[in-house]
Structures are given as C-alpha cells and as structure tokens.
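Overview (structure and organization)
Read off the chains here:
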Amino acid sequence: MKWEKLKPPEPDDPMCCCECDTYQYRCCCDCEGLDEAFNRWLKEKPASCGLQSPVFRTMINQLEISMIPALLLLPLLLKAAALHYLLGITILTALPILVLSYYYATHQRKRRTLFFLTLALYSLAYMYYLFIVEILPRGDVSPLQTCAVTTGMILTIVSLIYTKRGPGFVPASHHEANRQRMDTEDDSTHSDGFIQTTAAEQTRKYPPTSKWSLCPVCKIMRPPRAGHCRTCGSCVQRLDHHCVWINSCVGQANHRSFLQTLCVFVLTSVYGIGLVLRSVCPHQYLMTALFYCPGVYSQPSTALCFTCCWYSSIITVGLLYLLVVQVLNISFNVTGREAQLALRNKKGQSRLWGLVIDTGEYSRGFYQNWAEFLTMADSSVTLHSSPTDLV
C-alpha cells in the first residue's frame, strides 16, 4: 500500500479552490469543470445537457447517497447471509472490503461523508431492534440483562453526541491571546524585587524545543501538537486523527469522550453478542458457539440472529483494535498524527509489534502521561466557541 493513502493530515498537497477559507461551502470538488461550466453559463453559452455536463457530474459526485446502502442494503444483505452459511461467509467477507474501499476513496479525495456515521448508527439501531424482536420473546434474557444492554446503547449514543461537540479548533485569536496571557504572567512574576509566581507550570506541558507554528493553509499561529485537518479544513488542538466513524476530528476537546465512546460500545457489543449466542445456541460454550452452532440455520429467525452476531463481531474486533491503539498511544503520550509523522520522517521507535510508535518527545512516564490526558483542558473554549456539529 502506498504511503500517499496513509499520509498524515498535513497541508503538503496543493490546495484546490474549494479548500480556500474564503469559500464557506466547499461544495465542489471538480473545480475546473465547475468553473468552466459556470463561465459558459454567465456568457450565455450553456453546456450540453445530459451526463456529460460538468455541473451535472459535480452534483452527482456531491450527492450524499451513502445513506441509501446503510438504510436499505444492510438489512437485505444480512437476511441474504442468513439463508446459508456459504452465503454468510461470502457476504460478511465482502462487506469489510467494500467499506474499506469506500474509506480509501473518500480519504484520497479528502472529503467528509456521512456513510460511516450512518452505518454505525443504523447498525446499532438494527442490532438492538433484532434483540428486542427476536431474542426477548424467547425468554432467555432477564429484565436486568435487557436493562444493561439498553443502558449501554444509550450511553454509547450520549457519548457519541458529546464527542461530536467539537475537537477543539484553533481560533485565529488563540496565539495573540496566549501571547498576552504569557506577557501578563511574566509581568506578575517580578514584584518588589522578588518572584511571586512562576510560569513553569504553564509551559511544562511542552518541551523547551516546542514552538508555535504557522499553518500554511489557515494562515494562523497554532500551538504545539496542533495540526491541520485537510478533511475538516481547520486546525485542531492536539490533533490525533480524523475519524470517519464520527465524521469529525479527534482532538484535545473530545479525545476523552471519544475513548469513552469506544469503551462503552465495545463492552455493550460483547455483552449483547454473548446474550444472543446463549439464546440461539444454548448447548454450546460462548467461546465456541460463534464458530459451531448446529441447527442454527433451521429457522430463519435464529439464522438471522446468528448472522448478526458475526456482523457485530467484525465491527467489534475493528473498534477493539482502534481502542487498543488509542490506549497505547495515550500511555506513550503520542497522538496518531505524531506517530504518522514519526514514521514518515523515520524518527520514532516501533514498540509492541508495531502497535505504537514511541517518539519520546512528550512522554513523561505511564502515570504522568495518563494524568495529563485525563486532566487536559480545551483552552480554545474560553476564547472561541465553535457550534455543535451534530453530523
């Protein structure tokens, strides 16, 4: 796999006109074709109608049709996979490949999409619907267990909504306000010939070599560990990565809630899969029921529930891997963006079989790293409040 598909979200590539800050809507991607078509329209020379029109092609490319596969094809594919175990293997193998293909397509074009967020929310709702409709009538699940699954689903959605409040964008006035604050602190350190306070507490979170940098896209000064996301088009404080599953960046303001969302979802999913397997495969151990469950395809309802267990397991394994990587990165005090830059510049050390890249720049020990992560505050909230991004 080429590095161009996995390079960090830095403004290394030339911008197109849609990424200009003065263009608010950023709704085009075929810029040359769109400009040419509108120039012809302004000169009263309309383009030929049909599929060859640049405007028509641009509108088709920008239509958010990603909700249609998630809302219509997913139940049909899962029901088709429940007809026979060979169909199940084929469909459940093809689904991750199709999702990854769509991910690389959107990642290469550096555009936002609702596909992954829609798929995640609809999968969660559909799995819970099948749990209520198919599993509860069997009488194998107690009210307390049902309450636990429902609580886990609600907490997952609440954590996701809280994560979507914003990653902590760097406002244009952030550097000036920080400079004025530091000047004020420097003035307050000397009074009547003796030092009253120290500014070391304000600067100890960054090493002495860390400096503010100028973003070549936003044209603003950004603090250390901040980065520019080409997908969102803004600089984010302590940028970790752009998560397609939440259609937003993960930064200083929402990193803790993002980790909480992953934890709650994984725990709820594992617990729910166990309850469903115990109901449809009562005579098998949970560790082996997912691989061997005789007679599960004898009834359409049990076959569908068993297929959905496999579908949920695939999603859970993927998010569990992401959770493990996040925990390791926090333990070494490195963000996903910094790990990618270290790999690109060949400066970091690969540890734990390549699961984490230790840069050694900000790490101060396991306990100190976690204490910094759990107590870090979003300084941009007091300077600039960004609107809630619900989608």
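Refer to the structure printed above.
About the criteria used
Residues numbered from 1 in each chain as written. Predicted model: local features only at pLDDT ≥ 70, side-chain atom pairs only at ≥ 80, totals over all residues. Heavy atoms only, no water. Helix = DSSP H or I, 4+ residues; strand = E, 2+ residues; numbered from the N terminus. Contact = heavy atoms within 4.5 Å. Axes fitted to C-alpha atoms, helices over the stretch in contact; angles between N-to-C directions. Parallel < 35°, antiparallel > 145°, perpendicular 65-115°, else oblique. Left-handed = near helix turned anticlockwise from the far one by under 90°. Nonpolar A, V, L, I, M, F, W, Y, C, P; charged D, E, K, R; others polar. Phe/Tyr/Trp six-rings, centres within 6.5 Å; stacked < 30°, edge-to-face > 60°. Buried < 20%, exposed > 50% of the residue type's maximum accessible area, 1.4 Å probe, protein only. Lys NZ or Arg CZ within 6 Å of the ring centre and 35° of its normal. Arc of directions from axis to C-beta. Core = buried A, V, L, I, M, F, W, Y, C linked by side-chain atoms within 4.5 Å.

As a further point, take the overall build of the protein chain. The number of helices and strands found in the protein chain is 13 helices and 10 strands. Long-range contacts, defined here as pairs at least 24 residues apart, represent 66% of the contacts in the protein chain between residues at least 6 apart.

Put simply, helix H5 (residues 115–135) and helix H9 (residues 255–280) touch, their axes get as near as 12 Å, and they point 30° apart. Classified by the angle between their axes, H5 and H9 sit roughly parallel to one another. Of the two possible hands of crossing, H5 and H9 adopt the one that is left-handed. Contact residues: Leu124, Phe131 and Ile135 in H5; Phe265, Leu275, Val276, Ser279 and Val280 in H9. Here the residues of the contact of H5 with H9 are counted per class, giving 7 nonpolar, 1 polar and no charged.

This next bit is on the packing of aromatic side chains. Per the stated rule, a full pass over the model turns up 12 aromatic pairs. With a centroid separation of 5.1 Å and 85° between ring planes, the pair formed by Phe115 and Phe116 is classed as edge-to-face. In this structure Phe115 comes out as buried when scored by relative accessible area, which is 11%. With a centroid separation of 6.3 Å and 75° between ring planes, the pair formed by Tyr297 and Phe306 is classed as edge-to-face. The class of Tyr297 is partly exposed, set by a relative accessible area of 32%. Residue Phe306 is classed as buried on the basis of its relative accessible area, which comes to 6%. One residue, Arg225, lies across the ring of Tyr362, its end atom 4.0 Å from the ring centre.

It is worth spelling out helix H13 (residues 366–375) at this point. What H13 keeps buried is the set Asn369, Trp370, Glu372 and Phe373. Along the axis of H13, the buried positions cluster into a sector of 160°, meaning they face one direction only. In H13, the exposed residues that point more than 90 degrees away from the buried face are Tyr367, Leu374 and Thr375. As for H13, its buried residues are in contact with H9 and helix H11 (300–331).

Turning to the nonpolar core, a few remarks are in order. Ranked by internal contacts, the top residues of the largest apolar core, which has 19 residues, are Leu78, Leu119, Tyr126, Met127, Leu304, Cys308 and Tyr311. For this core, the elements supplying multiple residues, two or more each, are helix H3 (67–81), helix H4 (85–109), H5 and H11. In terms of residue count, H5 provides more of this core than any other element does, 6 residues in total.

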